[in-house]
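One-letter residues, chain by chain:
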Amino acid sequence: MKTTYREALRVAHREALAKDPRVFLMGEDVGRYGGAYAVSRGLYDEFGPERVRDTPLSESAFVGAGIGAALGGLRPIVEVMTVNFSLLAADQLVNTAAALLHMSGGQFNVPLVVRMATGAGRQLAAQHSHSLEHWYAHVPGLRVVAPATLEDARGMLWTALQDPDPVLMFENALLYNLEGELADDAGPVDLDRARVRRAGTDVSLLCWGGNLYKTLDAAARLEREGVSAEVVDLRSLRPLDEATFLASVRKTRRAVVVDEAWRTGSLAGEVMARIIEGAFWDLDAPPARVCSVEVPIPYAQAQEQAALPQPEGIVAAALKVVRGG
Amino acid sequence: MTPEVAHACFTQLTRIRRFEEACAQCYAEGRIRGFLHLSIGEEAIAVGAMRALTPADAVVATYREHGHALARGLSMRSVMAEMFGKKAGCARGRGGSMHLFDAATRFYGGNAIVAGHLPLAVGLALADHRLARDVVTACFFGEGAVAEGEFHEALNLAALWRLPVLFLCENNRYAMGTALERSEAETDLTKKAASYRVPAQQVDGMNVEAVADAVAEAAGHARAGRGPWFLELLTYRFRAHSMFDAELYRSKEEVKAWTARCPVATFRERAKAAGALTDDDVAKVEAAVRAEVADAIAFADAAEVEPVAELTWAVTRREVAP
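What counts, and where the lines are drawn
Residues numbered from 1 in each chain as written. Chains lettered and ligands numbered in written order. Predicted model: local features only at pLDDT ≥ 70, side-chain atom pairs only at ≥ 80, totals over all residues. Heavy atoms only, no water. Helix = DSSP H or I, 4+ residues; strand = E, 2+ residues; numbered from the N terminus. Core = buried A, V, L, I, M, F, W, Y, C linked by side-chain atoms within 4.5 Å. Buried < 20%, exposed > 50% of the residue type's maximum accessible area, 1.4 Å probe, protein only. Domains from an automatic or database assignment. Contact = heavy atoms within 4.5 Å. Pairing = 2+ DSSP bridges. Axes fitted to C-alpha atoms, helices over the stretch in contact; angles between N-to-C directions. Disulfide = S-S within 2.5 Å. 1 Å grid on protein atoms, 1.4 Å probe; cavity = no way out; pocket = protein on both sides within 12 Å on 5 of 7 lines; lining within 4 Å. Points joined across faces, edges and corners; volume = space filled by probe spheres on them. Nonpolar A, V, L, I, M, F, W, Y, C, P; charged D, E, K, R; others polar. Buried area = accessible area lost by both parts, 1.4 Å probe. Salt bridge = Lys/Arg side-chain N within 4 Å of Asp/Glu carboxyl O. Parallel < 35°, antiparallel > 145°, perpendicular 65-115°, else oblique. Left-handed = near helix turned anticlockwise from the far one by under 90°.

Caption draft 1: Seen up close, unusual backbone geometry. Omega for the bond connecting A:Arg238 with A:Pro239 falls within 30 degrees of zero, at -5°, which places this linkage in the cis form. Within the secondary structure layout, A:Pro239 lies in the loop between strand E12 (236-238) and helix H10 (242-252). Cis geometry marks the peptide bond from B:Gly109 to B:Gly110; its omega dihedral reads 20°. Take B:Gly110: it is sitting in strand E2 (residues 107-111). You will see that A:Ala38, though not glycine, has its phi angle at about 65°, which is positive. Inspection of the secondary structure puts A:Ala38 in the loop between strand E2 (23-27) and helix H2 (43-47).

Next up, the structure:
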């Protein structure tokens, strides 16, 4: 059936709310308004204000309340409108959700799902364009996933809700309108494995989330240059599925990591480090990174686009890795 | 006051006092490390509040929570073992003084980010409300937390959703060394709670019976589905903020004036005057508590530390090791 990323997410929410009475959704404008990105449109009427719960603008309080509700036996889905606002709840996520199980000697696990939009590209300027999923991927105790496809938008939520630990789900805001075909029987998917989205032999392009499509575009352009690129969608940012991406790199012997975050301290750096640690002797060239320019993301379209990874940049980095120079 | 109540309260007050005095001693000897925040002077709050709660209620506390844990029913052995960093501790020695936890008594810490645990308490109450459980969540915090955004966000959320949370503010007048009047333009904390339509009152936090009565009333209100309640419990920390504190911020006269209102001694005298406690009872309680503390220290001393091989156990429930 033809659908969108947004609709696939909505179906996943509807399924979760219908199947498990402990599940509820809360966040800013998830109810009557229908969600800032319209993911939950219609669910308020269908499930009522107790299960699709509008919150005040108080990220720390409602994320913390999600932690408490999870401890109390519910299965909360907390929508933080965007990763930018999650910084107001970072204390709750890092100091409590992530630490509680270990700190309590294994007594209190937090089965919480936190969803948020991430990424730039819509001319929203410096305070609404962050890609900070790697900050959370740094923290033991959290699981961090990034659905990039319709299948993952449809299937990751239910699996995340079965997880006994906190799961952070990053949805690139440019993907909500993504259209495509989804199998009628599409359902839950694993959160563990990276996926090869395009097979190739000359270079591995590693990416996740919104960059998957720029990277696939780059791979198509590389093909026209006579370079066969393999595209790996990491899907899980913590833990990283090292086995899958290292197998790809060992096969192609070359790697380019694409990351919308700034280069310094980025997850791309971590992925590259793992490649060097795990596949150094299999490499034919130093791996490369394509990240955002280290500047607060500007409003003006040309400047914003110049700041972000683009297919041209990915192609250039891949050609350099493949051909040297 | 009945002899039973007098005995129970005096026993708990004495347990906390003697336990913490012993902790200070063990700290001086290097057997307890890290931060150690004593509640000496503030024991009436933990003891009074726990008397008003049921075993099914939830408790969320701060890093100055030894008294709350003991009054809630954690064994002194498990708390002392935690202070000693031993696996037999109530958090396997991973939390120490600031992070006591116990699932069996619904004791959710031991939280050491000021005000960070207030939202968690609201969430626990949300779950109880949604699952139609007849329980309340008691959330303790110091007056310093009132300056944090979480205080305001959490009170608003609990009031908006009419959740059964008891916000129990232990006002010991100093956030570390900063006096309330040096950090708040409005020092009447009940006004802040009332502005969120949360019923609020001040209580003598040096008086066990006053605390127990006020918390019982608040809990009754919350259990009846009428939402949260805020109590400002006026108290005083007799010791340093932690173990390193030159106490430059308060006068000896002030400390002396408050020490004269010691919640343990004043309770003992009130109970004796009411004929509910005898000198013989006092001596027996003191002896029993002395023995319990000595036993807890011996237990903690002898207990094993968690093996390093278990360092990464339970980082997540899903995977034992990363």
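Caption draft 2: Here's a closer look at the nonpolar core. Grouped together as the largest cluster of nonpolar side chains are 88 residues, with contacts concentrated most on A:Ile275, B:Phe141, B:Phe167 and B:Phe230. Shared between two domains, this core holds at least three residues of each, these being domain 1 (2-181) and domain 2 (195-323) of chain A. Dropping the residues within four chain positions of it, B:Phe230 is found in contact with B:Phe141, B:Phe151, B:Leu155, B:Phe167, B:Cys169, B:Leu189, B:Thr190, B:Ala193, B:Val198, B:Pro199, B:Ala200 and B:Gln201. Within the second largest apolar cluster, 74 residues are counted, among which are B:Val59, B:Leu166, B:Val203 and B:Val255.

Caption draft 3: Structural detail: the sheet that holds strand E5 (residues 113-118) of chain A. All names here are of chain A. Taken together, the 7 strands give an open sheet; going across it, the order is E3-E2-E4-E5-E7-E6-E12, and neighbouring strands pair in mixed fashion. Here the strands that pair on one side only, and so sit at the sheet edges, are strand E3 (52-54) and E12. Neighbouring strand axes in the sheet, compared pairwise and without regard to direction, differ in orientation by 20° on average. Taken together, the 5 bridges between strand E4 (residues 75-82) and E5 define a ladder with parallel strand orientation. Directly across from Glu79, in E5, lies its bridge partner Arg115.

Caption draft 4: Representation of the sheet that holds E2(B). Residue and element names in this part refer to chain B. Pairing is parallel across the open sheet formed by 6 strands, whose spatial order is E2-E1-E3-E4-E8-E7. Where the open sheet ends on each side, the last strands, each with one partner, are E2 and strand E7 (200-204). Sheet twist, expressed as the average angle between the axes of neighbouring strands with direction ignored, equals 15°. In this sheet, strand E8 (residues 229-234) lies alongside E7 in parallel orientation, the contact comprising 5 bridges. Looking across to E8, one finds that Ala200 is bridged to Phe230. Packing against the sheet, helix H2 (residues 43-51) makes contact with strand E1 (58-62), strand E3 (137-142), strand E4 (165-171) and E8, and its axis sits at approximately 170° to E3.

Caption draft 5: A look at the environment of B:Tyr236. Residues and elements named next belong to chain B. Mapping Tyr236 onto the fold places it in the loop between E8 and helix H9 (252-259). Sequence separation between Tyr236 and Ala200 is 36 residues, and the spatial gap between their C-alpha atoms is 20 Å. Apart from residues lying up to four places away in sequence, Tyr236 is in contact with Ile40, Gly41, Glu42, Asn172, Arg173, Tyr174, Met206, Arg250, Glu254, Val255 and Trp258.

Caption draft 6: Quick look at the state of the cysteines. Taken as a whole and judged by the stated rule, the model has 0 disulfides over all chains. Free cysteine A:Cys291: the closest other cysteine sulfur is in A:Cys207, separated by 12 Å. Take B:Cys26: it sits in no disulfide, and the sulfur closest to it among the cysteines is that of B:Cys23, at 6.4 Å.

Caption draft 7: Broad picture of the layout of surface pockets. Residue and element names in this part refer to chain B. As a volume, the second largest pocket reaches approximately 320 Å³. If you trace the second largest pocket, you find 20 residues lining it, with Tyr63, Val114, Gly142, Gly144 and Ala175 closest to the centre. Those elements giving two or more residues to the lining of the second largest pocket turn out to be E3 and strand E5 (174-175). Split into classes, the residues belonging to the lining of the second largest pocket amount to 9 nonpolar, 6 polar and 5 charged.

Caption draft 8: Quick look at the interface of chain B and chain A. Listed by partner, the interface residues are 38 residues for chain B and 45 residues for chain A. Across the interface of chain B and chain A, roughly 3,400 Å² is buried in total on both sides, 62% from carbon and sulfur atoms. Taken as a group, B:Arg130, B:Arg317 and B:Arg318 account for 21% of the area that chain B buries against chain A, more than any other trio of residues on that side. Run the count over chain B and chain A and you get 2 salt bridges. One salt bridge in this structure joins A:Asp163 and B:Arg318, with 2.8 Å as the shortest N-O distance.

Caption draft 9: Summary view of the pattern of salt bridges. Tallied over the entire structure, the rule returns 52 salt bridges over all chains. Through salt bridges with shared partners, a single ionic network connects A:Asp152, A:Asp190, A:Arg195, A:Arg197, A:Asp233 and A:Arg235.

Caption draft 10: Here's a closer look at the packing of helix H1 (residues 3-28) of chain B against helix H10 (residues 263-273) of chain B. Residue and element names in this part refer to chain B. For the pair H1 and H10, the least separation of the axes is 10 Å and the interaxial angle reads 160°. Comparing their axes, H10 and H1 come out roughly antiparallel. Two packed elements cross with a definite hand, and for H1 against H10 that hand is left-handed. Taking contact as the criterion, the partners of Ala6, Cys9, Phe10, Leu13, Thr14 and Arg17 in H1 are, on H10, Pro263, Val264, Phe267, Arg268 and Ala271. The residue inventory of the contact of H1 with H10, partitioned by class, reads 8 nonpolar, 1 polar and 2 charged.

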